[in-house]
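One-letter residues, chain by chain:
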Amino acid sequence: MVGSEKHYYAGGNTAEGFYNLFESNLQGLDRVYILKGGPGTGKSSLIKRLSDTWQEKGYMVENIHCSSDPASLDGLIIPELKFGVFDGTAPHVMEPKAPGAVEHYVNVGVAWDTEILEKNKQDILHYQHQIAQAYNRAYASFKEALRIHDDLEAIYIQEMDFQKANEVTEDLIQKIIGGKAK
């Protein structure tokens, strides 16, 4: 028996920076595992494998996708079990509200080869700086796009014939479903 799945985002990159809705996903869960560890430590891969396993067992699984990489998972929830696993690292940092009673840390960084990482420290810091700059440029572009959108919207709304728009809407509803819209 294979369970069902739901896919959605609990955060997004916006004109105001990263918008986080992860905390609301924790409400009502009795057991939460918060994965900590750097990039490439397998957090998303682990969440994906857990999702597949629980779905194969017949459970409905909610898959929470990464706003920066839709192919990656930042979390999963199994509502029937009141259970969740989340990537608790930036930008959606999570800290326990009831540590040990509800939330539990999992340090996936224990598998790091710190010797190799230390040898590549300068490259790592360089790439992290580049990533941060790219996000800042993206957020600035989103902000500028929103400003342009708002300027255009103000012009269009001022010139909008809402009565005519309602008539067009009613006509379209008639053609699609027949009858009067309520």
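The preceding data block contains the structure.
Since the structure is predicted, the reported quantities are computational estimates derived from the model, not experimental observations.

So, the side chain of H65
Residue position: H65 is located in strand β5 (residues 61–65). Classification of H65 by relative accessible area gives buried; the value is 15%. At a separation of 2.7 Å, a polar atom in the side chain of H65 contacts the side chain of H7. Within the structure, the side chain of H65 is placed 2.6 Å from the backbone oxygen of P70, a separation counted as a polar contact. Not counting residues up to four positions away in its chain, the partners in contact with H65 are H7, Y8, Y9, P70, S72, L73 and D74.

Remarks on the nonpolar core
Among the nonpolar cores identified, the biggest contains 10 residues, and these are A10, F22, L26, L29, V32, I34, I64, I77, F86 and M94. Where this core is concerned, the elements lending two or more residues are α1 (22–26) and β4 (31–36). When neighbours within four sequence positions are excluded, I34 is seen to be in contact with F86, G88, M94, E95, P96, E103, H104, Y105 and V106.

A word on helix α2 (residues 43–56)
Between the first and last C-alpha of α2 there are 20 Å, a value that for 14 residues agrees with the 20 Å anticipated at 1.5 Å per step. Those residues of α2 that fall on the buried side of the exposure criterion are K43, I47, S51 and Q55. Looking straight down α2, one finds its buried side chains confined to an arc of 95 degrees; they lie on one side. For α2, exposure combined with an orientation more than 90 degrees from the buried face picks out R49 and E56.

Some thoughts on the pairing of strand β7 (residues 83–87)
One face of the sheet, then the other: side chains in a regular strand alternate in exactly this way. A large share of β7 lies buried, amounting to five of its five residues. Taking every second residue as pointing to the same face, both faces of β7 are buried, with F83, V85 and D87 on one and G84 and F86 on the other. As judged from the five bridges shared by β4 and β7, these two strands associate in the parallel manner. Bridged to L35 within β7 is D87. A loop of four residues connects strand β6 (residues 73–78) with β7, the two strands running antiparallel in sequence, and K82 in this loop sits at a positive phi of about 55 degrees.

Description of the pattern of salt bridges
Scanning the entire structure with this criterion turns up six salt bridges. Residues R147 and D151 are paired through a salt bridge, measuring 2.7 Å at the closest nitrogen-oxygen approach. Linking R147 with D151, this pair stays in helix α4 (residues 121–159), spanning four residues, or about one helical turn. Under the relative-accessibility criterion, D151 is labelled partly exposed at 40%. The shortest N-O distance in the salt bridge between D171 and K175 comes to 3.3 Å. Of this pair, D171 and K175 both sit in helix α5 (residues 162–177), four residues apart, which is roughly one turn of that helix. Taking the relative accessible area as the measure of exposure, K175 reaches 64% and is therefore exposed. Connected through shared salt-bridge partners, E144, R147 and D151 make up one network.

Here's the deal with unusual backbone geometry
Here the bond from A90 into P91 is cis, since omega is 10 degrees, no more than 30 degrees from zero. As for its position among the elements, P91 is in the loop between β7 and β8 (103–107). Phi is positive for K82, which is not a glycine, with a value near 55 degrees. Following the sequence through the fold, K82 ends up in the loop between β6 and β7.

Basis of the calculations
- Each residue is numbered by its place in its chain's sequence as written, counting from 1.
- Local features are withheld for residues below a pLDDT of 70 in this predicted model, meaning they are given only at 70 or higher, and side-chain atom pairs are given and counted only at 80 or more; totals for whole chains, interfaces and linings count all residues.
- The side-chain quantities take in all heavy atoms of the structure and omit both hydrogens and water.
- Each helix is a run of H or I in the DSSP string that is no shorter than four residues. Each strand is a run of E no shorter than two, and both are numbered from the N terminus.
- Only protein chains enter the calculation, and the probe is 1.4 Å; a residue is then buried if its accessible area is under 20% of its type maximum, exposed if over 50%, and partly exposed in between.
- What qualifies as a polar contact is a pair of N or O atoms within 3.5 Å, subject to a donor-acceptor requirement within protein and to the restriction that residues adjacent in sequence count only when both atoms come from side chains.
- Working rule for contacts: check all heavy atoms of both residues, and any pair within 4.5 Å makes them a contact.
- Nonpolar core, defined: a set of buried Ala, Val, Leu, Ile, Met, Phe, Trp, Tyr and Cys residues in which side-chain atoms within 4.5 Å join the residues together.
- What a helix should span is 1.5 Å times the count of its residues minus one.
- It is the directions from the helix axis to the C-beta atoms that the arc portrays.
- Two strands qualify as a pair provided that DSSP identifies no fewer than 2 bridges between them.
- Basic side-chain nitrogens of Lys or Arg form a salt bridge, by our definition, when they fall within 4 Å of a carboxyl oxygen of Asp or Glu.

Nothing here speaks to function; it is all geometry.
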